[in-house]
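# Observations on chain architecture
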Amino acid sequence: QFNIIKYEDLKWDISLGQGSFTRIFKGYKTDIHKGEKQVTEVLLKELDVAHKNSWESFFEAASLMSQISHKHLLLVYGISVHGVKNIMVQEFVKYGALDLYLKRGRSVSVSWKLDVAKQLASALSFLEEKNIFHGNICAKNLLLAREGDPLQGSSPFIKLSDPGISVAMLGEDVILDRIPWVAPEVLEDPDNPTLECDKWSFGATVWEIFNNGNAPLRGWDLKLKRQFYEAFQQLPPSQWTELAELISQCMSYQPAFRPSCRSIIRQLNSLITSDYVILHATEPVTQ
Ligand SMILES: N#Cc1ccc(Nc2nc(N)cc(-n3ccc(CO)n3)n2)cc1
């Protein structure tokens, strides 16, 4: 499924923060390649000891990412186990998580955001072809490999990160806290997620990207978040009607009403060519 990396071949560098069940570090792995020592920069993702009994699910996420390869899917080199430590060894993606990058107030253009959305849609389309459910699509799990430079006209490049511990293994509170990224039907039946659930999350992620990385329903408590679904509410619509339309299609409470990946990509292409893009070259950054 994936290769086992020897703990002694890994070296930890600085801590880069923590996710919900993991902490991440910059690091290095050493390989012997044709008798030569080769050191590779990696991202070391450690499963918190408190959640060590979710290690199968943690590694299942790693093996999912190792079995398929696509330019917009994160490369996972392998896993390492050392005592109670469970470590996933990933390619180091230069600019890290997209939500933090956008929050840092980088004012990026509308076409930059659409480009990122299209790359995510193509990763989603690839997963759909392979009938693979991701389960954790959000801006925090989009990694920025290339910034793209509006002046040079070079475009950004993103990689979708591993899904982490599967949603079926998570407690109800963790699932509730993932509102509005988690599809409403997942709350009803977390053990049988479908590909349509990822389309809902795609809609919430595009909303995030166009809101400069600010989380939707930020600061809402779990009760309010649950009510958001019970009242069939939608996220505040973008003033760009066609974009708001795509997001609300993806975030249909009826899974069958969500558009196919092909339709999502087609709609993104028509957004890219619309004159809104030219008029709003770089939005003033509203924090
Ligand atoms: N400052 C800074 C900085 C931080 C991280 C990276 N690189 C990176 N590489 C990966 N493979 C994965 C991640 N992640 C970050 C959050 C998650 C949650 O999924 N992953 N970050 C580069 C710069």
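The paragraphs below set out a description of the structure included in this document. None of these values were measured; they are calculated from a predicted model. (Residues numbered from 1 in each chain as written. Predicted model: local features only at pLDDT ≥ 70, side-chain atom pairs only at ≥ 80, totals over all residues. Heavy atoms only, no water.)

To continue, consider the overall build of the protein. The helix and strand tally for the protein stands at ten helices and seven strands. Rg of the C-alpha trace for the protein: 19 Å, near the compact-globule value of 19 Å for 287 residues, within the 12% margin. In terms of overall dimensions, the protein has C-alpha extents of about 55 × 45 × 35 Å along its principal axes. For the protein, the exposed area adds up to about 14200 Å²; of that, 52% sits on carbon and sulfur atoms. Here the protein contributes 30 positive and 34 negative side-chain charges, whose respective centroids are spaced 5 Å apart. (Helix = DSSP H or I, 4+ residues; strand = E, 2+ residues; numbered from the N terminus. Rg over C-alpha atoms; globule rule 2.2 N^0.38 Å. Areas by Shrake-Rupley, 256 points an atom, 1.4 Å probe, with all protein chains shown as cover. Lys, Arg positive; Asp, Glu negative; His and termini not counted. Charge placed at Lys NZ, Arg CZ, Asp CG, Glu CD.)

Moving on, we come to the nonpolar core. If you look at the biggest cluster of nonpolar residues, it comprises 74 residues, and the most contacted ones within it are F202, W240 and L268. Dropping the residues within four chain positions of it, F202 is found in contact with A117, L120, A121, L124, I137, C250, I264 and L268. Membership of the second largest hydrophobic core comes to seven residues, among which are L10, V42, I87 and V89. (Core = buried A, V, L, I, M, F, W, Y, C linked by side-chain atoms within 4.5 Å. Buried < 20%, exposed > 50% of the residue type's maximum accessible area, 1.4 Å probe, protein only. Contact = heavy atoms within 4.5 Å.)

Here we come to the site of the ligand. Residues in contact with the ligand amount to 17 residues; listed here are only the nearest, K45, Q90, E91, V93 and N141. Side-chain polar atom of Q90 to a nitrogen atom of the ligand: 2.9 Å apart, as the coordinates give it. At 2.7 Å, a backbone N or O of V93 approaches a nitrogen atom of the ligand. Burial of the ligand by the protein chains amounts to 81% of its free accessible area of 510 Å². (Near = heavy atom within 4 Å. Polar contact = N/O pair within 3.5 Å; in protein donor to acceptor, adjacent residues only side chain to side chain.)

With their axes 11 Å apart at the nearest point, helix α3 (residues 110–129) and helix α6 (residues 195–209) run at an angle of 170° to one another. Comparing their axes, α6 and α3 come out roughly antiparallel. Facing α3, whose interface residues are K113, V116, A117, L120, A121, L124 and E128, α6 presents L195, D198, K199, F202, T205, V206 and I209. Residue composition of the contact of α3 with α6, grouped by class: nine nonpolar, one polar and four charged. (Axes fitted to C-alpha atoms, helices over the stretch in contact; angles between N-to-C directions. Parallel < 35°, antiparallel > 145°, perpendicular 65-115°, else oblique. Nonpolar A, V, L, I, M, F, W, Y, C, P; charged D, E, K, R; others polar.)

Turning to helix α8 (residues 241–250), its buried residues number three or more, namely L243, A244, L246, I247 and C250. Along the axis of α8, the buried residues cluster in a sector spanning 160°; they form a single face. Buried residues in α8 make contact with α6 and α9 (261–272). (Arc of directions from axis to C-beta.)

Moving on: the environment of I132. With respect to the element layout, I132 can be found in the loop between α3 and β6 (142–146). Look at I132 and you get buried, because its relative accessible area is 16%. Sequence separation between I132 and L64 is 68 residues, and the spatial gap between their C-alpha atoms is 8.6 Å. Not counting residues within four places of it along the chain, the set of residues in contact with I132 comprises L64, I68, L127, L195 and D198.

Throughout the structure, instances matching the rule amount to 14 salt bridges. As a salt-bridge pair, D162 and K45 come within 2.9 Å of each other at their nearest N and O atoms. Of this pair, D162 sits in the loop between β7 (157–160) and α4 (172–177) while K45 sits in strand β3 (residues 36–47); the two residues are 117 residues apart in sequence, bridging distant segments of the chain. A relative accessible area of 1% means that D162 is categorised as buried. Note on K45: relative accessible area 11%, which makes it buried. For E185, the salt bridge identified is with R258, shortest N-O distance 2.7 Å. (Salt bridge = Lys/Arg side-chain N within 4 Å of Asp/Glu carboxyl O.)

Another point: empty space enclosed by the protein. One water molecule sets the probe size; rolling that probe over the atoms shows where empty space is left. One pass over the full model with this rule turns up one cavity of 30 Å³ or more. Of the volumes computed, that of the largest cavity is approximately 50 Å³. Looking at the largest cavity, the residues that line it are L124, L127, E128, I132, L195, D198, K199 and C261. Counting residues per element, the ones that place at least two in the lining of the largest cavity are α3 and α6. Partitioned by chemical class, the residues of the lining of the largest cavity number five nonpolar, no polar and three charged. (1 Å grid on protein atoms, 1.4 Å probe; cavity = no way out; pocket = protein on both sides within 12 Å on 5 of 7 lines; lining within 4 Å. Points joined across faces, edges and corners; volume = space filled by probe spheres on them.)

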